[in-house]
Amino acid sequence: MALHLGAQYILEHNVGISDAVLLDPLTEEAFIENLKKRFSHEQIYTYIGTVVVSVNPYQKLPLYTAEVIEEYRSRNIYELPPHIYAISDEAYRSMRDRNLDQCIIISGESGAGKTEASKVIMQYVAQVSGKGREIDRVKEQLLQSNPVLEAFGNAKTLRNDNSSRFGKYMDIEFDFKGDPIGGVITNYLLEKSRVASQIPGERNFHIFYQLLAGADPTFLETLKLSPKPESYGFLNKSGCITVDTIDDAREFNLVKTGMEVIGFYRAEINEVFQLVASVLKLGNVEFSHRSNSDGTDGCDIASTQELEDVAKILGCMEQNLKSALTQRTVEVKREKVKTDFSVAGAVYARDALCKAIYSRLFSWLVQRINDSIKVKTEQTKKVMGVLDIYGFEVFETNRYEQFIINYCNEKLQQIFIELTLKEEQEEYIREGIEWIHVQYFNNAVICDLIEKNNVGILAILDEQCLLPGNVTDKTFLEKMNTTCKDHPHYESRALRKNQSDRSLPHDAFRLKHYAGNVTYKVDGFIDKNNDLLYRDLSQAMYACKHNLMKKLFPEGNPTQKSLKRPPTAGSQFKASVQELMKNLLSKNPNYIRCIKPNDEKQSGKLDLDIVKHQVRYLGLMENIRVKRAGYAYRQVYDQFLYRYKMLADETWPSWHGDAKEGVKKILANQKIADDEIAFGKSKLFIRNPRTLFDLEETRRERMHFLATLIQKVWKGHVKREHFLLMKRSQVIISSRFRGFYGQKQYKRKKAAALLLQCCTRRWKARKLLAELKHQKRMEWAAGVIHKYYLGWKVRMNYKPKFRRIAGPKVARFMVVALRRKFLLNVRDKLPSLSPIDNKWPSSLNMYKSASDQLQVMHHRWRCRKYRRKLNESQKYTLREKATASDIFKDKKVIYPESVPHPFKGDYLNLRGDMKWKKIHSVTHDINLVFADLVHKVNRANGKIVQQLLVISSQALLVIDHHTMTLKYRIPIEYIEKISLSPFQDKLAVFHMKKPENGDKFAKKGDFIIGNEHIIEIVTKSSLCLKNKTSKMPEITISPQCSSQFGNSSVQVSFQQGAKGLEPGIPGVKVTRKKHLMLISEP
Ligand SMILES: Nc1ncnc2c1ncn2[C@@H]1O[C@H](COP(=O)(O)OP(=O)(O)OP(=O)(O)O)[C@@H](O)[C@H]1O
Ligand SMILES: [Mg+2]
């Protein structure tokens, strides 16, 4: 087993034997010598097995640092030198890991170092347990409860500068992880008599001195206190005010901070100190004697100042307080009567009040701390209890308090004996282990002497207290003397066996305690056991306005009239001690046995006699002997098997056979020597703790291995689960993907297959079609061949006959048939009857000439038919049109456009015109053929003027169209010739016959006119001339013509290509240059 470097160092510097069980020879001297040797090397702790023996060093040793705690943390008890840390660690781990509630019992006489040991344990637990805000707060509260309770409950005694004057048992509560979550403190009987008086050299409780030394002056002023302890009756009598080892002022601040950390409200802190102050003040209240008129003694308050102050602090009436302190109410024959106290009575009442206030205040403090540190949640708790109770005391004068304290110590010793000596030895016998009995002193007999029902001292005391009549401490002693006279541990001067013992006073009894003889003065036993406070006093306290004070004296409430007597202090204490014992027995005990090295509180000094005395009464030698002969460890087989089953392959993970057999397998596997172990009936015994620690160590290593294995398997399982999940997911994903991909592929393939199928089918179909076509062609060809063949055959057969007879017939038939077909075709497809419809059915070339002739005939026929439908005027119009055609067709460019226009003739509707009528009445041109405005070209200069031209069947009339006056009339027969150009122009040159008879119109010569209807004008004038002369005039259509203008002959020339001419009529430019008249047109 490897050791820490620090641990190595400590071990190397180990002196003597660290476990007294290993002492050789095993004698008392050797044991004490060993203690002394170690003590001189500042090794104050020694083991007896797992019990720690601690010798008070009376000096600060470097044993309690954080580093040392770290060394001891989670180490086995024998790995390192003995230390309270080792036993604390053992207890803490057993509690945390094995779920066993623990208690650490610290015993030893006053000043042996119990309280210090309990603080060391708390310091260790605080450091090794978990961290965190809430946990640290709880730890801090638990730790801070120490200075507060010590200030109020500890005092300087002759034996100890910081002696605990109350018993304290503290349960530290942990959660399942081993982190502190709270605690419960139980306090046992405070030595309240110390409030009113102390023996010389001792002090009152620390808090009085601390308050006066540490509180700031203003606060003291509010408490109406002076900072001088000497000025207070309760502090100045013992002659001890200051203690070298105690800095009261510093402690006061620690107490205040502690109270704040625990959670006391500021108001509560003030109230607490107000009560402390009022106790001091009340202690200063003095009484003066007064003789009453009825002869009885009475008393008065000597100086009222203190009383006034107390009344102010507590918020009560001074008078009430005064009467409560000087008088008491007595019931005489059911009548309440006030009787005065004598001075002594008043002092007694005052002291009783002060003690009551202080002790109740102390109990309230414990309760208040408990409220703060209690576990607030409903969770399962593990508990580690630490018992630090006042140690065994022997003073010069021992009173009721010492009796109670020593009784308590007897009980603790009883527990120790029960568990380590008696029970252990009995167990060996029970389990059938070979055993030689170790003798020891069993203090049960002393416990019985004190606590036994009916006959025990406490019972006698209670009985005395309850007896009516005049009961005194003396009667109590007498009663004891009769009841306990035969008890070997009881001595009294009145008994025969002690009559000559002068060291035993008459008013005392002696008990032979396990730790030595103690003589108790009976004085005050009855009173203290009764623990009664005059009702007037408690009522006065309840009447105070002071909150806390009111709370402390609930029985002072006048409405609550309880006639029931409260239990005596002794019986209360007995009950609470029995409760404590029960509590301790329910837990796994761990012991720290404290030894005081000398009575002078000196460091480095070990008084052998003093130590020997303690070693004896503590029964340490017996303890060693039992341990040495016996076995350090025992465990029921089932539990042992359960805890160590992983140490053998056969028992891990489960063993189904007999538990004992399983245990044997484990031990064999671990190669444990036979003399190291013993097999009891139900338990296994292991001699040497080291063996157990080795087993524990192996278990720890194995647990590590198993934890790793479990982790490995678990991690493997988790990873595998994860992997399988991933795999399943992957399979799903890939199947989906493959599905999707396959679907896509399939669609593509399907499409491709369809395409291929299509192509193939098409190819096949084509092939088939080609085959069929081929077949059909073949069939057709075969048919044709066959036909031709048949034809040929027939022809071959019939050729001779055919040529002769059938040939001409067939030819004729064919000709007839073709003609017939041609004619029928012509008949069926005859064009319409419109003479201008040029359509005609096509025909074979051979019938071309017949077809043309038929077309002509048809046309003529339809023309005749058309003509027959016409009336005379239409016929005339048509003749006009035919004449125009004869004249102009294919000669004049503008002719075709004139064809569809009918020759209207009278474009101006002149026939109805009156002016015309006037004119024709003169000229007799009644038969009007044409009338329209025309452009007449001036023969001289070619200028064009507009004139009205009228053609009648007799003449041409030129009329001024403005005035409708006839300009001249040219008889139609005068017209010899008419010339026109073949071009676009719409001009005509009218050539006149040579003038005869001086005809004036003829003289003027030829004239040129232009009109939109020039075709009509020329046609109509020609026809009129023909009608008159039966001869058509000569009409020439040529670009040039020669004209006779008057006497001069002029060449009229039409020219095309002129530019810049205005469109419209006449649309020409006419220029005359001597004998040339040039008519330019576009
Ligand atoms: N381990 C220690 N290291 C240093 N000093 C110690 C140690 N233990 C005790 N002392 C000294 O001894 C004194 C008395 O110790 P402590 O108050 O613990 O005794 P106690 O057993 O509680 O006595 P009592 O029964 O009167 O309360 C302490 O004030 C301290 O000075
Ligand atoms: Mg103490």
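None of the values given here were measured: they were computed from a predicted structure.

1. Considering the overall build of the protein chain
Argument step 1. On a plain count of helices and strands, the protein chain comes out with 33 helices and 31 strands.
Argument step 2. For the protein chain, whose C-alpha radius of gyration is 79 Å, the value lies well above the compact-globule estimate of 31 Å for 1082 residues.
Argument step 3. Per-residue burial for the protein chain yields a buried fraction of 48% across its 1082 residues.
Argument step 4. Put simply, of all contacts in the protein chain between residues at least 6 apart along the chain, 64% involve residues at least 24 apart.

2. Points about the sheet that holds strand E19 (residues 683-686)
Argument step 1. Strands sit in the order E17-E19-E18 across an open sheet of three strands; the sheet is antiparallel. Where the open sheet ends on each side, the last strands, each with one partner, are strand E17 (633-636) and strand E18 (677-679). The mean inter-strand angle of the sheet, taken between neighbouring strand axes irrespective of direction, is 15°.
Argument step 2. By the bridge criterion, three bridges tie E18 to E19 in an arrangement that is antiparallel. Pairing of Ala678 across the sheet is with Phe685, part of E19.
Argument step 3. Sitting on the sheet, helix H25 (residues 637-644) touches E17, E18 and E19, and the angle it makes with E17 is about 95°.

3. Here we look at the site of ligand 1
Argument step 1. By nearness alone, 19 residues border ligand 1, and Asn56, Ser110, Lys114, Thr115 and Ser163 come closest of all.
Argument step 2. Side-chain polar atom of Tyr64 to a nitrogen atom of ligand 1: 3.0 Å apart, as the coordinates give it.
Argument step 3. Take Glu116: an N or O atom from its main chain is 2.9 Å from an oxygen atom of ligand 1.
Argument step 4. In the complex, 88% of the free accessible area of ligand 1, which totals 620 Å², lies under the protein chains.

4. Focus: the environment of Arg939
Argument step 1. Turning to its location among the elements, Arg939 is positioned in the loop between strand E20 (928-937) and strand E21 (944-952).
Argument step 2. Residue classification places Arg939 among the buried positions, given a relative accessible area of 13%.
Argument step 3. As a C-alpha pair, Arg939 and Phe1045 span 106 residues in sequence and 6.3 Å in three-dimensional space.
Argument step 4. Setting aside anything within four residues of it in sequence, one finds Arg939 in contact with Tyr968, Lys1004, Gly1005, Asp1006, Phe1007, Phe1045, Arg1072 and Met1077.
Argument step 5. At a separation of 3.0 Å, a polar atom in the side chain of Arg939 contacts the main-chain carbonyl oxygen of Asp1006.

5. A few points about the coordination of the magnesium ion (ligand 2)
Argument step 1. For the magnesium ion (ligand 2), every protein donor is listed as Thr115 (OG1) and Ser164 (OG), and the spread of their distances is 1.9 to 2.1 Å. Placement of the pair is Thr115 in helix H5 (residues 114-128) and Ser164 in strand E5 (residues 163-164), with a sequence separation of 49 residues. Each member of the pair, Thr115 as well as Ser164, carries the same accessibility label: buried.

6. Observations regarding the pairing of strand E24 (residues 975-980)
Argument step 1. Bridge count between E24 and strand E25 (residues 987-992): four bridges; the pairing is antiparallel. Of the residues in E25, the one forming a bridge with Ile975 is Met992.
Argument step 2. Counting the residues in the hairpin turn of E24 and E25 gives six residues.
Argument step 3. Across four bridges, E24 lies against strand E27 (residues 1034-1037) in parallel orientation.

7. Some remarks on helix H29 (residues 872-888)
Argument step 1. Between its first and last C-alpha, H29 extends 24 Å over 17 residues, near the 24 Å set by a 1.5 Å rise per residue.
Argument step 2. Buried within H29 we find Glu880, Lys881, Thr883, Ala884, Ile887 and Phe888. End-on view of H29: buried residues confined to an arc of 160°, all on one side of the axis. Structural note: H29 exposes Glu872 and Asp886 on the side pointing more than 90 degrees away from its buried face.
Argument step 3. Contact partners of the buried residues in H29: helix H30 (895-898), E24, helix H33 (1014-1029) and E27.
Argument step 4. Asp890 sits one or two positions beyond H29 and adopts a positive phi of about 65°.

8. Quick notes on the pairing of strand E10 (residues 327-332)
Argument step 1. Inspection of the sheet shows E10 paired to strand E11 (residues 335-340) by six bridges, in the antiparallel sense. From the neighbouring strand, Gln327 faces E11, where its bridge partner is Asp340.
Argument step 2. Count of turn residues in the E10/E11 antiparallel hairpin: two residues, of which Lys333 carries a positive phi of about 50°.

9. Some words on a nonpolar patch on the surface
Argument step 1. Together, Ile785, Tyr789, Leu790, Trp792 and Met796 make up an exposed nonpolar region whose accessible area comes to about 500 Å².
Argument step 2. Under the relative-accessibility criterion, Trp792 is labelled partly exposed at 44%.

10. Looking at the packing of aromatic side chains
Argument step 1. What the rule picks out here adds up to 37 aromatic pairs.
Argument step 2. A ring pair is formed by Tyr637 and Phe679, whose centres lie 6.3 Å apart and whose planes are at 25°; its orientation type is stacked. Taken as a pair, Tyr637 in helix H25 and Phe679 in strand E18 lie far apart in primary sequence, 42 residues in all.
Argument step 3. You can call Phe679 partly exposed: its relative accessible area is 29%.
Argument step 4. Relative to Phe930, the ring of Tyr907 has its centre 5.7 Å away and its plane inclined at 70°; by these criteria the two rings are edge-to-face.

11. Focus on the pattern of salt bridges
A side chain of one charge can pair with a side chain of the opposite charge when the charged atoms of the two come close.
Argument step 1. Applying the stated rule across the entire model yields 56 salt bridges.
Argument step 2. In this structure, Glu696 engages Arg98 in a salt bridge whose closest nitrogen and oxygen atoms are separated by 3.0 Å. In this pair, Glu696 sits in helix H27 (residues 689-828) while Arg98 sits in helix H4 (residues 84-98), placing the two residues 598 residues apart along the sequence.
Argument step 3. Looking at Glu696, the relative accessible area reads 14%, which means it is buried.
Argument step 4. The partly exposed category is assigned to Arg98, whose relative accessible area is 25%.
Argument step 5. A salt bridge links Glu897 to Lys986; the nearest nitrogen and oxygen atoms lie 3.5 Å apart.

12. Considerations on the side chain of Asn481
Argument step 1. Inspection of the secondary structure assignment puts Asn481 in helix H18 (residues 473-483).
Argument step 2. Excluding residues within four positions of it along the chain, Asn481 makes contact with Tyr490, Ser492, Ala494 and Leu495.

13. A look at the packing of helix H6 (residues 133-153) against helix H10 (residues 248-262)
Argument step 1. Their axes nearest at 8 Å, the elements H6 and H10 cross at an angle of 135°. Between H6 and H10, the crossing angle belongs to the class labelled oblique. The interaxial crossing formed by H6 with H10 has left-handed handedness. For the pair H6 and H10, the contacting residues are Glu140, Gln141, Gln144, Ser145, Pro147, Val148, Ala151 and Phe152 in the first and Leu254, Val255, Gly258, Met259, Val261 and Ile262 in the second.
Argument step 2. Here the contact of H6 with H10 is composed, by residue class, of nine nonpolar, four polar and one charged.

14. Section: the nonpolar core
Argument step 1. In this structure, Phe31, Phe152 and Phe509 are the most contacted members of the largest nonpolar core, which totals 184 residues.
Argument step 2. For this core, the element with the most residues is helix H14 (residues 343-373), which contributes 15 residues.
Argument step 3. With sequence-adjacent residues up to four places away left out, Phe509 is seen in contact with Phe403, Ile457, Leu477, Met480, Tyr490, Glu491, Leu504, Val518, Thr519, Tyr520, Val522 and Phe525.
Argument step 4. Counting residues in hydrophobic clusters, the runner-up holds 30 residues, among them Ala884, Tyr895, Tyr968 and Leu980.

15. Structural notes on the packing of helix H11 (residues 266-283) against H14
Argument step 1. Relative orientation of the contacting elements H11 and H14 amounts to 160°, with a least axis distance of 9 Å. The orientation of H11 with respect to H14, classified from their angle, is roughly antiparallel. Once H11 is placed against H14, the crossing between them reads as left-handed. Taking contact as the criterion, the partners of Glu268, Val272, Leu275, Val276, Val279, Leu282 and Gly283 in H11 are, on H14, Arg350, Leu353, Cys354, Ile357, Leu361, Trp364, Leu365 and Arg368.
Argument step 2. For the contact of H11 with H14, a count of residues per class yields 11 nonpolar, one polar and three charged.

16. Some remarks on unusual backbone geometry
The phi torsion of most residues other than glycine is negative, and most of the peptide bonds are trans.
Argument step 1. Here the bond from Trp652 into Pro653 is cis, since omega is 0°, no more than 30 degrees from zero.
Argument step 2. With respect to the element layout, Pro653 can be found in the loop between H25 and helix H26 (659-669).
Argument step 3. Residues other than glycine seldom take positive phi values, yet Glu42 does so here, at roughly 60°.
Argument step 4. On the secondary structure map, Glu42 appears in the loop between helix H2 (28-40) and strand E1 (45-48).
Argument step 5. On the basis of relative accessibility, which here comes to 39%, the residue Glu42 falls in the partly exposed class.
Argument step 6. The backbone of Ser1030 sits at a positive phi, close to 60°, despite the residue not being glycine.
Argument step 7. With respect to the secondary-structure elements, Ser1030 resides in the loop between H33 and E27.

What counts, and at which threshold
Residues numbered from 1 in each chain as written. Chains lettered and ligands numbered in written order. Predicted model: local features only at pLDDT ≥ 70, side-chain atom pairs only at ≥ 80, totals over all residues. Heavy atoms only, no water. Helix = DSSP H or I, 4+ residues; strand = E, 2+ residues; numbered from the N terminus. Rg over C-alpha atoms; globule rule 2.2 N^0.38 Å. Buried < 20%, exposed > 50% of the residue type's maximum accessible area, 1.4 Å probe, protein only. Contact = heavy atoms within 4.5 Å. Pairing = 2+ DSSP bridges. Axes fitted to C-alpha atoms, helices over the stretch in contact; angles between N-to-C directions. Near = heavy atom within 4 Å. Polar contact = N/O pair within 3.5 Å; in protein donor to acceptor, adjacent residues only side chain to side chain. Areas by Shrake-Rupley, 256 points an atom, 1.4 Å probe, with all protein chains shown as cover. Donors = N, O, S within 2.8 Å, 3.2 Å for Na, K, Ca; no water. Expected span 1.5 Å × (residues − 1). Arc of directions from axis to C-beta. Patch = residues over 30% accessible without salt bridge, like charges linked within 9 Å, V, L, I, M, F, W, Y side chains within 5 Å. Salt bridge = Lys/Arg side-chain N within 4 Å of Asp/Glu carboxyl O. Phe/Tyr/Trp six-rings, centres within 6.5 Å; stacked < 30°, edge-to-face > 60°. Parallel < 35°, antiparallel > 145°, perpendicular 65-115°, else oblique. Left-handed = near helix turned anticlockwise from the far one by under 90°. Nonpolar A, V, L, I, M, F, W, Y, C, P; charged D, E, K, R; others polar. Core = buried A, V, L, I, M, F, W, Y, C linked by side-chain atoms within 4.5 Å.

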